[in-house]
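A structural walkthrough
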Amino acid sequence: MSGQDPVEIFRQEAQELFEEIEQGLLDLAHRPGDRDLVDAVFRGLHTLKGSGAMFGFDALAAFTHHCETAFDRVRKGEVAATSELVGAVLACQDHMRALAEGGAASEATGEMLLAELHRVVESAGQASSAEVAAAEPDLNTWRVRFSLPADALVNGTRPLPLLDELRELGDCQVTAVTDNIPDFDILVASECHLAWDVTLVTKHGRDAIEDVFIFVIDDMTLDIQAVGEASVEAAVVEKAVVEAAPSAAAPIAAPAKDEAPAAGEGRKAGGDTVRVPAERLDEMMDRVGELVIAQSRLKQLAASSSDIALRAVAEEIERLASEMRDTMMVVRMVPIAQLFGRFRRLIHDLARDTGKTIELSTEGEATELDKTVIERLADPLIHLIRNSADHGLETPEQRLAAGKSATGNIVLAARQSGAEVVITITDDGRGVDRARVRAKAEENGLIQPGQVLSDSDLLQLIFAPGFSTAAAITNLSGRGVGMDVVKRTIEGLRGSIELSSTPGEGSVVSLRIPLTLAIIDGLLVRVGTGRYVIPLSAVEECVELSVEQDMRSTGRSLITLRDQLVPFIRLRSLFATGLAPDPHQKVVVVAVGQERVGLVVDQILGDHQTVIKPLSSFHADVGTFSGATILGDGGVALILDIAHLVAAGQRSDAQLRAAS
């Protein structure tokens, strides 16, 4: 049985509501006249208030009430949806989020936010008062007939507050319909058998009436008809259990084709999905990992046995384990749109803080990534976007002087490339000032004055700890901490980061991230007496290193592959095995981005499904390895950190070239 805390369930739902409200507000900033957006934001606030009150979050409900009231006035046309109002509600939302999460939300801060909200609402209201007076909507008459499910009273749903809310919309005449009340001897007192017939005269529309029933609309029968326009306006929102609803009332016309969807329709669309706590997915992933290890042991036992039946079972288990692993991987995948959607608000705030006009666009939002990776990518991307906005993009005046449009553009894009996802952050700003980077690096002692560096190595200096070319420290950047954290986080995800930049045209930061951090396909190799795993996604090819090549390349460590020189690293020397090399050494060529390097091993043992286990805190700083795995015989193999080794190989090659 599920033991999930109801309060925690509310917080999860509130988080989704906050995201919906925020997206609606940000869209509204671009399309202030969009009535559907206004209604969507109002419904989100209304639901948040009601749910908060239901779960005992009284402070949240009371605070949200003010924002809901403000948007109710927008919905009624009394107040314009100005950018100032959108900004004020966004600021209020941060406070609401803190109240929902149970954090320390300052009461004084809340009062200050509400004072600002009221000021903005009054200002927007005065500006549009003349238009409102001229466009005062006409009164309409509606016939509303509704009944609640039989167990409504037991579940805490009371009809009287619903009738009171209808009365708040206008003049009401309420008639109780008693046709369905059973005989007294079979009557159950706790069940609701009444229906209500309401004639409502109001200036509000259908949406306002439906919003009264927003929390019970999925389980009830609701019939709303505009009197005099029944053939056009009639609509029925009902559940399957109430197919036999009203019979004595006026005939119900078919729903109008162009009618807006009912308030609960969006939620019904997701009815075939199941919400599962992330911890359970992690537990399942651990079990699948153990299964893969056990299957590996079984495979090894079967290989050393002549029992045909045992081999057949081992093959069947291998197939099932592989399918379960693939299925589990898919379950953990989530579209990267969830991550990209968070940055619209960031861009909104950055534009306000920097005084720049910034447009954010996204591409490849359907690209999927492991949920754990998505969560850990949020902070690095925030740093990169802040840097692009603060350092990369120019002010509108500078852009116009440079012949560009006043609006700076930042593009977030994602695409899958093999077993990796490539995420790029592109801006059309001024680009990286290489002379300034070099001067700062020499000043900080990162490089020697006049030291020869490739363009790639020069740009990589930006990711050095404490490095910053900013002339002044602002609340956005300038302390030289963010980019260092970005690099360490990406490398912690077994990924890599590349930067390219064109002066005057902008910069592109590319992040290459593995699809998952849980189980990978690996190439098992032997170096000396130790066994190691190379992620198969990084392997380009394997070639034999002949004795002649080995002797000839001593001191330079280069081999020729299809007329290209590729540097290689002797893992036997790197790991100090102290043993003589195998007479038939192999070179496993691996690549990260455009960079390639060869890893010399003594023997290639074969492919291996690798369940990644993190290294202990004592070994976390060892850059050569990214984790460990358990082999079929119970032994342990370390997993090589390819990005680190490729970078080391390229550095060594560059030094040799410079010395020659």
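Remember, predicted model here, so these are calculated numbers, not experimental data.

1. A word on the overall build of the chain
Scanning the chain from terminus to terminus reveals 21 helices and 22 strands. Buried residues in the chain amount to 43% of all 660 residues. For the chain, the accessible area works out to roughly 33700 Å², and carbon and sulfur atoms hold 53% of it.

2. Side note on the packing of aromatic side chains
Given two aromatic rings, one states the distance between the centres and the angle between the planes to describe the pair. The tally for this structure, following the rule as stated, stands at six aromatic pairs. Measuring from ring centre to ring centre gives 4.9 Å for Phe146 and Phe213, while their planes differ by 55°; the resulting arrangement is tilted. Placement of Phe146 in strand S1 (residues 140–147) and of Phe213 in the loop between helix H7 (206–212) and strand S4 (221–226) is noted, with a sequence separation of 67 residues between them. Phe213 sits in the buried class, given a relative accessible area of 0%. Ring centres of Tyr532 and Phe625 lie 6.1 Å apart, and the angle between their planes is 10°; on these two criteria the pair is classed as stacked. Here Phe625 lies in strand S21 (residues 625–630) and Tyr532 lies in strand S14 (residues 530–535), a separation of 93 residues in the sequence. The residues Tyr532 and Phe625 share a single accessibility class, namely buried. Three or more aromatic residues joined by ring pairs form one cluster here, namely Phe146, Trp196 and Phe213.

3. A look at the environment of Arg143
As for its placement among the helices and strands, Arg143 is situated in strand S1. Along the primary structure Arg143 and Asp223 are separated by 80 residues, whereas in three dimensions their C-alpha atoms are 8.0 Å apart.

4. Details of unusual backbone geometry
If you check the backbone angles, Ala576 has positive phi at about 50° while not being a glycine. Inspection of the secondary structure puts Ala576 in the loop between helix H20 (571–574) and strand S18 (585–592). By relative accessible area, Ala576 is classed as exposed at 63%.

5. Let's talk about the sheet that holds strand S22 (residues 636–640)
One open sheet holds the five strands; their spatial order is S20-S13-S14-S22-S21, and the pairing between them is mixed. What marks the edges here is a single partner per strand, and that holds for strand S20 (603–611) and S21. Strand-to-strand twist of the sheet, defined as the mean angle between neighbouring strand axes without regard to direction, takes the value 35°. The pairing of S14 with S22 spans two bridges and is parallel.

6. Description of the pairing of strand S19 (residues 595–601)
Counting buried residues along S19, six of its seven residues qualify, which places the element largely inside the surrounding structure. Note that strand S17 (residues 564–570) and S19 share three bridges and pair parallel. For Ile569, the partnering residue across the bridge sits in S19 and is Leu599. In this structure, S18 lies alongside S19, joined through seven bridges in antiparallel fashion. Opposite Ala591, over in S19, you have Arg596 as the bridge partner.

7. As for the pattern of salt bridges
For the structure on display, the rule yields 37 salt bridges. Here Asp428 ties to Arg399 by a salt bridge, and the two come within 2.9 Å at their closest N and O atoms. Placement of the pair is Asp428 in the loop between strand S10 (420–427) and helix H16 (434–444) and Arg399 in helix H15 (residues 396–401), with a sequence separation of 29 residues. Residue class for Asp428 comes out partly exposed when judged on its relative accessible area of 22%. Here Asp455 and Arg434 are joined by a salt bridge, their closest N and O atoms 2.6 Å apart. With Asp455 in helix H17 (residues 455–460) and Arg434 in helix H16, this residue pair connects regions lying 21 residues apart in the sequence. Accessibility expressed as a relative area gives 41% for Asp455, which makes it partly exposed.

8. Notes on a negative patch on the surface
A surface patch of negative charge is lined by Asp5, Glu8, Glu279, Glu283 and Asp286. No other element matches the three residues that helix H10 (residues 278–303) contributes to the negative patch.

9. So, the nonpolar core
For soluble globular proteins, the rule of thumb is that nonpolar side chains tend to be buried together. In terms of nonpolar packing, the biggest core is built from 49 residues, with Phe343, Leu377, Leu381, Ile423, Ile425 and Leu511 touching the most fellow members. For this core, the element with the most residues is helix H14 (residues 371–392), which contributes eight residues. With residues up to four places along the chain from it excluded, the contact list for Leu381 reads Leu339, Phe340, Phe343, Ile423, Ile425 and Leu511. Listed in part, the 38 residues of the second largest apolar core include Ala14, Phe57, Phe71 and Leu90.

10. Quick notes on helix H4 (residues 83–101)
Compared with the 27 Å implied by 1.5 Å per residue over 19 residues, the 27 Å span of H4 between its first and last C-alpha is a close match. Here H4 has its buried residues at Leu85, Val86, Ala88, Val89, Leu90, Cys92, Gln93, His95, Met96, Arg97, Leu99 and Ala100.

11. Observations concerning the sheet that holds strand S12 (residues 506–514)
As summarised here, the arrangement of the five strands in space is S7-S9-S10-S12-S11, forming an open sheet in which the pairing is mixed. Sheet topology places strand S7 (357–363) and strand S11 (496–502) at the edges, where each strand pairs with a single neighbour. Pairwise comparison of adjacent strand axes, ignoring direction, gives a mean angle of 15° for this sheet. The pairing of strand S9 (residues 407–417) with S10 spans eight bridges and is antiparallel. If you follow Leu412 over to S10, its bridge partner there is Ile425. Taken strand by strand, helix H13 (residues 343–354) contacts S7 and S9, and its axis lies near 165° from that of S7. Against the sheet, H14 engages S7, S9, S10 and S12, with an angle of about 20° to S10.

12. Focus on a nonpolar patch on the surface
On the surface, Met54, Phe55 and Phe215 cluster together to form a nonpolar patch covering roughly 300 Å² of accessible area. Relative to the assigned elements, Phe215 resides in the loop between H7 and S4.

13. A word on the packing of H13 against H14
Packing of H13 against H14 leaves a shortest axis separation of 11 Å and a crossing angle of 30°. By the angle between their directions, the pair H13 and H14 is classed as roughly parallel. Classified by chirality, the crossing of H14 by H13 is right-handed. Judged by residue contacts, Phe343, Leu346, Ile347, Leu350 and Thr354 of H13 engage Ala378, Leu381, Ile382, Ile385, Arg386, Ala389 and Asp390 from H14. The residue makeup of the contact of H13 with H14, split by class, is nine nonpolar, one polar and two charged.

14. Section: the packing of H10 against helix H11 (residues 308–332)
Contact geometry of H10 with H11 gives a least axis separation of 9 Å together with a crossing angle of 155°. With respect to their mutual orientation, H10 and H11 come out roughly antiparallel. You can see that H10 and H11 cross each other, and the crossing is left-handed. Contacts between H10 and H11 involve Leu281, Asp282, Met284, Met285, Val288, Leu291, Gln295, Leu298, Lys299, Ala302 and Ala303 from the first element and Leu310, Arg311, Ala314, Ile317, Glu318, Ala321, Met324, Arg325, Met328, Met329, Val331 and Arg332 from the second.

Conventions adopted
- Think of each chain on its own: its residues are numbered from 1, step by step along the sequence as written.
- It should be noted that, the model being predicted, local features are given only for residues of pLDDT at least 70 and side-chain atom pairs only at 80 or more, the latter also being counted only at that level, while totals for whole chains, interfaces and linings use all residues.
- Each side-chain value is worked out from all heavy atoms of the structure, with water and hydrogens disregarded.
- Only runs of H or I of at least four residues qualify as helices and only runs of E of at least two qualify as strands under DSSP, and these elements are numbered from the N terminus.
- Accessibility here uses a 1.4 Å probe with only protein chains present; expressed as a share of the type maximum, an area under 20% marks a residue as buried, one over 50% as exposed, and anything in between as partly exposed.
- Note on areas: these come from Shrake-Rupley sampling with a 1.4 Å probe, and a residue is covered only by the protein chains present in the view.
- Geometry of aromatic contacts follows a simple scheme: Phe, Tyr and Trp rings, the Trp one being its six-membered ring, pair when their centres are within 6.5 Å, and the pair is stacked under 30 degrees between planes, edge-to-face over 60, tilted otherwise.
- Criterion used throughout: strands pair if DSSP finds at least two bridges between them.
- Axes here mean lines fitted to C-alpha atoms, for a helix over just the part in contact, with angles spanning 0 to 180 degrees between N-to-C directions.
- By salt bridge we mean one thing: a side-chain nitrogen of Lys or Arg within 4 Å of a carboxyl oxygen of Asp or Glu.
- Each patch groups residues whose relative accessible area exceeds 30% and which form no salt bridge, using 9 Å between like charges and 5 Å between nonpolar side chains of Val, Leu, Ile, Met, Phe, Trp and Tyr.
- For the purpose of counting charges, residues Lys and Arg are taken to be positive, whereas Asp and Glu are taken to be negative. His and the chain ends are not included.
- In this description, the location of a charge corresponds to atom NZ of lysine, CZ of arginine, CG of aspartate or CD of glutamate.
- Side-chain atoms within 4.5 Å link the members of a nonpolar core, which is a set of buried Ala, Val, Leu, Ile, Met, Phe, Trp, Tyr and Cys residues.
- When checking whether two residues touch, look at their non-hydrogen atoms; a contact exists if any pair is within 4.5 Å.
- A helix is expected to span 1.5 Å multiplied by its residue count minus one.
- Should an angle fall under 35 degrees it is taken as roughly parallel, and over 145 as roughly antiparallel, whereas 65 to 115 is taken as roughly perpendicular and any remaining angle as oblique.
- By definition, turning the near helix anticlockwise from the far helix through less than a right angle yields a left-handed crossing, and turning it clockwise yields a right-handed one.
- By the convention adopted, Pro, Cys, Tyr, Trp, Phe, Met, Ile, Leu, Val and Ala count as nonpolar, Lys, Arg, Asp and Glu as charged, and the other residues, Gly among them, as polar.

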